[in-house]
Structure formats: structure tokens, C-alpha cells
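Structural features, examined
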Amino acid sequence: AGGLAKVVQDTGTAEMVAEAAIDLLPAHGALALLLPFALAAIVKTLQGSSLVAAITAAGMMMELVAPLGLDDPAGRTLAALAVGAGAMTVSQINDGFFWLVARAGGFSPPAALARLSIGSALQGALAVAVLMLFRLVAG
């Protein structure tokens with residue numbers, strides 16, 4: 001997990017993402033929390049591991065919190081929580097948690113995929129929405 005984050009940092013991926021994201025997202029405000037959430041959710045979806053997603057997205061976000069207006073203590077905390085929310089979304093067959101829930105629930109893989117993936121996506125979306133609400137209230 002740390003190795004992937006280091007590769008992302010060393011290759012300049014964080015800076016490329018920053019350049020693209022700054023144009024799309026407002027520099028300040030609650031919508032800036034969508035970037036750490038989305039980065040973690042994308043890595044989680046592609047790779048499957050929540051730990052790898054969280055560490056990789058956190059490594060990428062280290063350089064991006066200031067340009068996004070999240071460099072105050074509340075902003076950094078909410079950015080870290082947004083990474084966590086993104087890392088828990090879209091549980092799928094590459095995820096050990098997926099198989100744990102599928103077996104414990106007695107679900108077939110297709111049934112578990114339908115239930116757990118949709119449920120975890122909704123869970124992550126609700127979590128980032130609450131974090132954005134906190135940013136509006138606190139920021």
C-alpha cells in the first residue's frame with residue numbers, strides 16, 4: 001500500500017491530478033472534499049483494497065490540500081475523513097471484505113456483488129455528503 005502511494009508521488013501523478021482537479025472544483029468550500037473522496041473511491045474500485053486506496057489517496061492529497069483550501073485543521077481532518085469515505089466505497093470481488101460478507105451472508109457472488117457494492121457505494125456517498133455539510137457549517 002505504501003509502495004503504490006510512493007510510486008504515485010514519485011511519478012508526479014498527484015501534480016497531474018491537481019492540475020486537472022483545480023480547474024473542475026472550486027478552490028474553497030465543501031465541494032473540494034469531492035477530490036479526496038473520488039481519488040480513494042477510484043483506487044478502491046480499480047484495485048480492491050481499502051487500505052491501498054486510503055494510503056494512496058492520502059499520499060496524493062498531501063500536496064493538494066492547500067490549493068483546494070483545505071489547509072486549515074478542520075479542512076485537513078475533513079479531507080482525511082473524505083479519503084476514508086472513498087476507501088470504503090464499491091466493495092467488489094477484489095476485496096477480501098466482499099468475500100467475508102458473501103460467505104457470512106450465504107450469498108452467491110453475483111448476489112453479494114449486487115447487494116454489497118450498491119450498499120457500500122451508498123454508504124460512501126452519504127458519508128461524503130455529511131462531511132461536506134460539516135465543511136459548510138465549520139468552514
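These notes cover the structure that comes with them. (Residues numbered from 1 in each chain as written. Predicted model: local features only at pLDDT ≥ 70, side-chain atom pairs only at ≥ 80, totals over all residues. Heavy atoms only, no water.)

**Thoughts on the side chain of glutamine 92**
Structurally, glutamine 92 can be placed in the loop between helix H5 (73-87) and helix H6 (96-105). The exposure class of glutamine 92 is buried, given its relative accessible area of 11%. Polar side-chain contacts of glutamine 92 include one of 2.9 Å to the backbone nitrogen of asparagine 94. When sequence neighbours within four positions are dropped, the list of residues in contact with glutamine 92 reads Lys44, Thr45, Leu46, Gly48, Phe98, Leu113 and Ser117. (Helix = DSSP H or I, 4+ residues; strand = E, 2+ residues; numbered from the N terminus. Buried < 20%, exposed > 50% of the residue type's maximum accessible area, 1.4 Å probe, protein only. Polar contact = N/O pair within 3.5 Å; in protein donor to acceptor, adjacent residues only side chain to side chain. Contact = heavy atoms within 4.5 Å.)

**Re unusual backbone geometry**
Non-glycine residue valine 90 carries a positive phi angle of around 45°. By the secondary structure assignment, valine 90 is in the loop between H5 and H6.

**What about the environment of glycine 124?**
Following the sequence through the fold, glycine 124 ends up in helix H7 (residues 109-138). Dropping the residues within four chain positions of it, glycine 124 is found in contact with Phe37, Ala85, Met88 and Thr89.

**Focus on helix H3 (residues 34-47)**
Between its first and last C-alpha atoms H3 spans 20 Å; for 14 residues at 1.5 Å apiece the expected length is 20 Å, and the two agree. Every buried residue of H3 is accounted for by Leu35, Pro36, Phe37, Leu39, Ala40, Ala41, Val43 and Lys44. Remark: glycine 48 follows H3 within two positions and exhibits a positive phi of approximately 105°. (Expected span 1.5 Å × (residues − 1).)

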